[in-house]
Amino acid sequence: MTEHGLSPFGANPHRSMPRNAHDAQRLAGGSSTGSAVAVATGVVPVAIGSDGGGSVRIPAALNGVFGLKPTFGRIPLTGHALRAGTSLVAIGPLGASSADLAEILAAAAGPEAHDGASVRQPAVDPSGLHTAIERGVRGLRLGIDEDQWAAAPGAAAAVGREALGALEREGAVLVPVRIPLAARAPAAAYVTLGVETLTGMREAFTLHLRELGADLQLVLLAIAELGGAEFLEAQRIRSALRLEVATALAAVDALALPTTARGAPPVTDLEASRGFADPAALDALCRFSGLANLTGLPAGTAPVGDDESGLPLGLQIVGDAWDEACVLSV
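Quick look at the structure, then. Note that the structure is predicted; figures quoted are calculated from it, not measured. (Residues numbered from 1 in each chain as written. Predicted model: local features only at pLDDT ≥ 70, side-chain atom pairs only at ≥ 80, totals over all residues. Heavy atoms only, no water.)

1. Some remarks on the overall build of the protein chain
Here is step 1: When helices and strands are counted, the protein chain shows 14 helices and eight strands.
Here is step 2: Over its C-alpha trace the protein chain gives a radius of gyration of 18 Å, about what one expects of a compact globule, namely 20 Å for 330 residues.
Here is step 3: Considering only C-alpha atoms, the protein chain reaches an extent of 55 × 45 × 35 Å along its principal axes.
Here is step 4: Split into buried and exposed, the 330 residues of the protein chain put 55% on the buried side.
Here is step 5: For the protein chain, the proportion of contacts with a sequence separation of at least 24, taken over those separated by at least 6, is 75%.
Here is step 6: Working note: accessible area of the protein chain is about 13700 Å², and carbon and sulfur atoms make up 56% of it.
Here is step 7: Computed over 23 positive and 34 negative side-chain charges, the separation of the two mean positions in the protein chain equals 4 Å. (Helix = DSSP H or I, 4+ residues; strand = E, 2+ residues; numbered from the N terminus. Rg over C-alpha atoms; globule rule 2.2 N^0.38 Å. Buried < 20%, exposed > 50% of the residue type's maximum accessible area, 1.4 Å probe, protein only. Contact = heavy atoms within 4.5 Å. Areas by Shrake-Rupley, 256 points an atom, 1.4 Å probe, with all protein chains shown as cover. Lys, Arg positive; Asp, Glu negative; His and termini not counted. Charge placed at Lys NZ, Arg CZ, Asp CG, Glu CD.)

Given below as structure tokens:
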């Protein structure tokens, strides 16, 4: 995985990292890089990742496999390396099919005393997950925020809309919704995840900063400039976003978004060995993932087509709380 899980690209100067399963000159996405590539290349049928800002969904989409970020707390975080508390990170599976995701979710979900977020959640019904997959999408109402789709350029939008058309032909109903604050979700997610992670990495930041990769040093130094005012503003946006999303989900069963705004970025051997920093590419990969992390809702990605270079792109489905079955059914 990428260093401390803080890169969506899939580069880590301290490890021999896998490249994209479809093109060795492209990044594989992160932070759950190896998990996605292992599934995409058939090394394993399923794998586990962690997702605080898209780290399951991004590499799954870039490598053409299925990925699921469950509801926050659905799979206990006990053993997760982030020692400070996290309000965004969820553990989730990557697999070759939605049925694979259902199997892992059913096996891994449940309360664990050392993870308060996992306690008192509704139990997962394994048979219900598979029934949802088998019933398909007929009658399912999918919310479409046209402002969000307009932010996906070129192939990302075209391929996603083709997939939505296929879902319509299978009986799904596309319903217009508006979530104005979704445009501010990426920034709110960056600030929230950054501050929470830096809190957990205080010792590494203070004593071992120069031992970290240059790209991670850059990220952490930028995060360190944030103060309480920025973090508080991010939480205000987060609270208002939750209300907007709840209002939208009151009228539909799930939301449909692109998974990323682009396919896998190219990378040179030098960049891969020293770390990869590209703000525009980072924003394109994370543009649509933060909404599910900020709200704690389940979100899955499915491979639905390729970009202009023949590299995979995904369609993202965001469901209501504890309703992973609806996400998997799509």
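Next comes the rest of the description.
2. Let's talk about the pairing of strand β4 (residues 141–144)
Here is step 1: In this sheet, strand β5 (residues 173–176) lies alongside β4 in parallel orientation, the contact comprising four bridges. Looking across to β5, one finds that Ile 144 is bridged to Pro 176.
Here is step 2: For β4 and strand β6 (residues 254–258), the ladder comprises two bridges, and the chain directions are parallel. Bridge pairing links Gly 143 to Leu 255 in β6. (Pairing = 2+ DSSP bridges.)

3. Concerning the packing of helix α7 (residues 185–200) against helix α10 (residues 228–249)
Here is step 1: Remark: α7 packs on α10, axes separated minimally by 9 Å, with the N-to-C direction vectors making an angle of 130°. In terms of orientation, α7 lies oblique with respect to α10. Note that α7 runs across α10; the crossing there is left-handed. Packed against α7, whose contacting residues are Ala 185, Ala 188, Val 191, Thr 192, Val 195 and Glu 196, the element α10 presents Glu 230, Phe 231, Ala 234, Gln 235, Ile 237, Arg 238 and Leu 241 at the interface.
Here is step 2: Of the residues in the contact of α7 with α10, the class split is eight nonpolar, two polar and three charged. (Axes fitted to C-alpha atoms, helices over the stretch in contact; angles between N-to-C directions. Parallel < 35°, antiparallel > 145°, perpendicular 65-115°, else oblique. Left-handed = near helix turned anticlockwise from the far one by under 90°. Nonpolar A, V, L, I, M, F, W, Y, C, P; charged D, E, K, R; others polar.)

4. Comments concerning the packing of α7 against helix α9 (residues 214–224)
Here is step 1: One can describe the packing of α7 onto α9 by two numbers: an axis separation of 10 Å at closest approach and a directional angle of 100°. Considering their axes alone, α7 and α9 lie roughly perpendicular with respect to each other. Two secondary-structure elements touch here, α7 through Gly 194, Val 195 and Leu 198 and α9 through Leu 220, Ile 223 and Ala 224.
Here is step 2: Taken together, the residues that form the contact of α7 with α9 break down as five nonpolar, one polar and no charged.

5. Observations concerning the pattern of salt bridges
Here is step 1: In total, this model carries seven salt bridges according to the counting rule given.
Here is step 2: Of the charged contacts in the structure, one is a salt bridge between Arg 57 and Asp 51, with a shortest N-O distance of 2.9 Å. The two residues Arg 57 and Asp 51 agree in class, both being buried. (Salt bridge = Lys/Arg side-chain N within 4 Å of Asp/Glu carboxyl O.)

6. Considerations on the packing of aromatic side chains
Here is step 1: If you walk through the whole model with that rule in mind, you get one aromatic pair.
Here is step 2: Taking 4.7 Å as the distance between ring centres and 70° as the angle between the ring planes, the aromatic pair formed by Phe 9 and Phe 276 counts as edge-to-face. In this pair, Phe 9 sits in the segment before α1 (33–40) while Phe 276 sits in the loop between α11 (269–274) and α12 (279–286), placing the two residues 267 residues apart along the sequence. We note that Phe 9, like Phe 276, is buried. (Phe/Tyr/Trp six-rings, centres within 6.5 Å; stacked < 30°, edge-to-face > 60°.)

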